[in-house]
Structures are given as C-alpha cells and as structure tokens.
Amino acid sequence: MQRRKMDPMRTARESILVEILFKMCCEIKRRFLLLYATQKGQAKAIAEEICEQADAHGFEADIHCISESDKYNLETEKDPLVIVISTTGTGDPPDTACKFVKEIKNKTLPLDHFAHLRYGLLGLGDSEYMFFCNGGKIVDKRLQELSAQHFYETGLADDCVGLEIVVEPWIDGLWLALKREFTSRNIKEDMSNNLGAVSNGVSAVTVDPRMSGACSLDSEIQHLKLEDLEVKATDALSQRPANVHSVVSVQNTEPSLDRSVPPLSQSTLNIPALPSEYIDVQFQDSTGQELSVSSLISDGIVFHVPVTKAVQLTREDAVKTALLLELDISKTTFCYQPGDAFCVICPNNAREVQELLHILGLSERKECFVCLKIKQATKKK
C-alpha cells in the first residue's frame with residue numbers, strides 16, 4: 001500500500017479557512033466608538049437609541065459626548081467610529097463640539113493623520129436655515145481631508161420634515177455596515193497573520209522538485225485571494241431574510257416607498273416603512289360646549305391685530321419661503337419683554353375644513369373633542 005504525500009498547500013489553505021470561519025461564527029460583542037455633539041439634547045437622544053439597539057445586534061457601543069476628550073483618543077482608535085452631530089445658530093457645530101472642531105482644523109496636522117480611522121456620520125439640521133446640517137458637514141469634510149474613510153454613508157436628517165425620515169433607516173442600515181466592516185477587518189487580519197506564519201515555516205516543508213507542475217509554497221499561497229474570501233463572507237450575511245427597514249445598495253436601485261436608498265444625503269426619496277402604532281386617538285362628546293379660540297391658549301388671552309406689512313425675504317426658487325410680517329399692536333394692552341414669544345392663530349377656511357372632514361369620514365364627529373395619547377406599551381421615544 002503506497003502512502004500518500006501530504007499536500008502542504010492544501011493543509012495551509014484549510015487551516016486558514018477553519019480559523020477564519022471559527023472567528024466569524026463566534027458571537028462576541030464587537031466594540032465601536034459612539035460620539036455625539038448636541039445643543040439641545042436631540043443628538044444625544046439619538047446616540048442613546050443607537051447604544052440601546054447595539055446590544056441586540058451583537059455590538060458594544062462605547063458612547064461619549066464629543067467634548068469628553070479624556071475618555072477617547074481618535075489618534076489611536078482602532079475600532080469603527082460613529083458620530084451623531086447637530087447644527088446650531090446659522091450653521092455652526094454645537095457648543096460641545098467647538099473644541100473638537102478646533103483641534104481637527106489644526107493646519108499643522110499631517111494629511112494622513114486619521115488614515116487609520118473608519119467612520120460613519122449622522123448629521124441633524126433644519127432646512128429652514130440656509131446652512132443645512134452644516135455642523136455635520138464641517139466635521140465630515142475635515143475628517144476626510146485628514147484621510148479618514150467612510151465605512152457607512154453619511155446621513156443628513158431634516159427637522160423641518162421630520163428627523164425620523166432619515167434617522168430611522170440610517171440606524172437600521174448601520175448594523176449591516178458594521179457587520180461588513182468587522183468581517184472585512186477580521187479576514188484581513190487573519191490572512192495577514194496566517195500568511196506570515198505559513199511563509200515563516202516554508203523552510204520546514206519538503207516538496208519533491210521532480211513532481212509535475214511543482215512550484216514553491218509561497219507562490220501557491222498567492223491563490224488564496226482575499227477578495228474571494230471576503231465575497232463569500234458577505235454572501236453568507238446576505239442569505240439572511242430581508243428586512244424592509246434595511247438600507248440597501250444605492251447601485252442599480254430605484255427609489256422605493258417602503259425603504260430608503262443610500263446614500264441618504266443624496267436620495268430623492270427617503271420614506272421609511274410605516275412604524276407600529278403608538279398614538280391612541282379618542283373622540284369625546286363635546287356635550288354642547290362651543291370650542292373658542294381662547295380655550296386653546298393657557299391663559300385665555302387673545303388679541304385680534306391687523307397685519308400692516310408683509311415682505312418676502314427669500315427668492316422665488318428658495319426651498320422654504322421666509323416672510324417678514326409687521327403686526328399693529330398699538331391697540332393691545334399686554335406687556336412684553338425682549339425674548340418673549342407669542343403664538344399666532346390663523347383661522348381655517350370653513351369650506352376646506354368641511355371637505356377634509358368628509359374625506360376622513362369624520363363628518364359625523366365634527367363637534368367632538370379629540371384626545372391624543374401615547375399608548376402605554378410604546379417603546380418609541
């Protein structure tokens with residue numbers, strides 16, 4: 001009986017694949033750094049939501065305010081970075097981010113200062129203002145100038161139309177992006193370590209040079225293409241059932257009514273899937289009570305004043321129209337201080353109200369009071 005010679009190339013290949021697959025199958029918490037920069041708390045709330053969801057997706061979010069520079073160090077950070085940042089004033093970063101922005105804008109920093117950094121950024125803003133999401137754009141642009149690279153496309157959420165239109169699908173897509181980032185990183189590390197170990201042990205392997213088509217182990221190992229392994233790994237992830245909330249590739253994908261198309265900042269249609277119901281609507285009999293305008297105001301004081309001047313401040317092609325209104329309050333008796341706010345109540349067109357009630361099937365309930373409450377079992381913030 002002739003003993004078969006062991007193929008060193010096959011042994012090396014199988015050893016590498018086993019180690020890679022074993023590491024992929026291990027359900028360990030994978031850490032990422034989560035920084036938020038907030039002015040009024042909105043960015044912090046969204047970052048905390050990401051932090052809460054991370055555990056269910058097998059990740060550990062190391063969350064900090066971007067001003068807490070003593071708790072993180074981007075110069076040595078090896079894990080993925082996620083930033084949630086709002087905009088304040090006329091397009092400035094939040095006060096909590098001023099020190100951070102000043103540091104990264106230092107012109108003495110080398111152009112490859114953040115070459116090791118992989119990040120994703122979610123910017124919050126309001127298109128009512130001229131410099132939409134400028135706080136996030138400033139940080140995003142500067143990080144790229146310092147050679148940081150995206151592992152996930154930047155999202156820009158508009159408070160004017162509802163932050164959740166972009167925020168919710170962006171968070172949903174973040175988990176798949178993180179999984180791909182860690183998978184790619186693990187494969188590259190394993191390939192580097194194993195190829196180095198195999199190369200160092202080549203001298204201990206004896207191969208018969210008279211064998212037909214024989215070649216060195218070093219050259220054979222080059223057939224272990226990294227991209228082939230990476231494709232197989234990502235294909236395995238894609239075999240999972242599709243989620244309507246998942247963010248899909250922008251290439252060859254048309255805008256959809258049930259999912260958002262990345263990059264979110266460039267999408268023409270960003271409508272997330274309909275969320276579960278969280279508002280309880282109750283109709284209450286008015287018992288003959290007539291609803292007055294005064295009852296809508298806490299103190300019940302309402303003044304009827306004429307509009308004496310109206311000037312359009314924006315151009316005709318502006319996304320949002322801004323008007324300068326001048327009110328004549330000379331005949332009113334209320335006192336006010338600088339910084340006070342007042343509410344403007346505009347009457348609705350009676351015909352339009354009747355038409356809307358008819359469309360909604362509420363004509364029989366037009367005299368009812370409507371009470372809106374958040375359902376008790378609601379987890380949504």
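It should be noted that the structure appears before, not after, this text.
Values in this document were obtained by computation on a predicted structure and should not be read as measured data. Starting from 1, residues in each chain are numbered consecutively following that chain's sequence as written. For this predicted model, a pLDDT threshold of at least 70 governs which residues receive local features, and a threshold of 80 or more governs which side-chain atom pairs are given and counted, while totals over whole chains, interfaces and linings are taken from all residues. Values reported for side chains reflect all heavy atoms of the structure, with hydrogen atoms and water molecules removed beforehand.

**Focus on the overall build of the protein chain**
And step 1. Comment: elements are numbered from the N terminus, with helices defined as DSSP H or I runs of at least four residues and strands as E runs of at least two. Of the regular secondary structure elements, the protein chain holds eight helices and 10 strands.
And step 2. Working rule for contacts: check all heavy atoms of both residues, and any pair within 4.5 Å makes them a contact. In the protein chain, the share of contacts with a sequence separation of at least 24, taken over all contacts with a separation of at least 6, comes to 72%.

**Remarks on the pattern of salt bridges**
And step 1. Salt bridge, as used here: a side-chain nitrogen of Lys or Arg that lies within 4 Å of a carboxyl oxygen of Asp or Glu. Evaluated as defined, the whole model comprises nine salt bridges.
And step 2. Note that E77 is salt-bridged to R31, the shortest N-O span being 2.7 Å. With E77 in the loop between β2 (59-65) and β3 (81-85) and R31 in strand β1 (residues 30-37), this pair connects stretches of sequence that are 46 residues apart.
And step 3. Accessibility here uses a 1.4 Å probe with only protein chains present; expressed as a share of the type maximum, an area under 20% marks a residue as buried, one over 50% as exposed, and anything in between as partly exposed. The exposure class assigned to R31 is partly exposed, which follows from its relative accessible area of 25%.
And step 4. Across the pair E68 and K71 runs a salt bridge whose closest N-O atoms are separated by 3.5 Å.

**Points about the side chain of D140**
And step 1. You can see D140 is positioned in helix α4 (residues 134-145).
And step 2. Once you skip the residues sitting within four places of it in the chain, D140 turns out to touch Y119, L121, H150 and T154.

**Some remarks on the environment of L124**
And step 1. When you line up the elements, L124 lands in strand β4 (residues 118-125).
And step 2. Excluding residues within four positions of it along the chain, L124 makes contact with Q42, A43, I46, V84, I85, S86, T87, C133, A157, L163 and V167.

**Looking at the environment of G91**
And step 1. Tracing the backbone through its elements, the reader meets G91 in the loop between β3 and α3 (98-104).
And step 2. Residue class for G91 comes out buried when judged on its relative accessible area of 5%.
And step 3. A sequence separation of 39 residues divides G91 from M130, and the C-alpha atoms of the two residues are 7.6 Å apart.
And step 4. When neighbours within four sequence positions are excluded, G91 is seen to be in contact with F131, N134, G135 and I138.

**Structural notes on the packing of aromatic side chains**
And step 1. Under the pairing criterion, centres of Phe, Tyr and Trp rings, with the six-membered ring standing for Trp, must be within 6.5 Å; the plane angle then separates stacked pairs below 30 degrees from edge-to-face pairs above 60, leaving the rest tilted. The full count for this structure, using the stated rule, is five aromatic pairs.
And step 2. The interplanar angle of 35° and the centroid separation of 5.9 Å between the aromatic rings of F59 and F182 together place this pair among those described as tilted. With F59 in strand β2 and F182 in helix α5 (residues 164-200), the pair connects residues that are 123 residues apart, well separated along the chain.
And step 3. Judged by relative accessible area, which is 2%, F59 ranks as buried.
And step 4. One aromatic cluster is present, formed by F32, F59, W175 and F182 through successive ring pairs.
And step 5. Consider the ring centre and the ring normal. A charge sits over the ring if Lys NZ or Arg CZ is within 6 Å of that centre and within 35 degrees of that normal. Against the face of F283 rests R365, its NZ or CZ located 4.5 Å from the ring centre.

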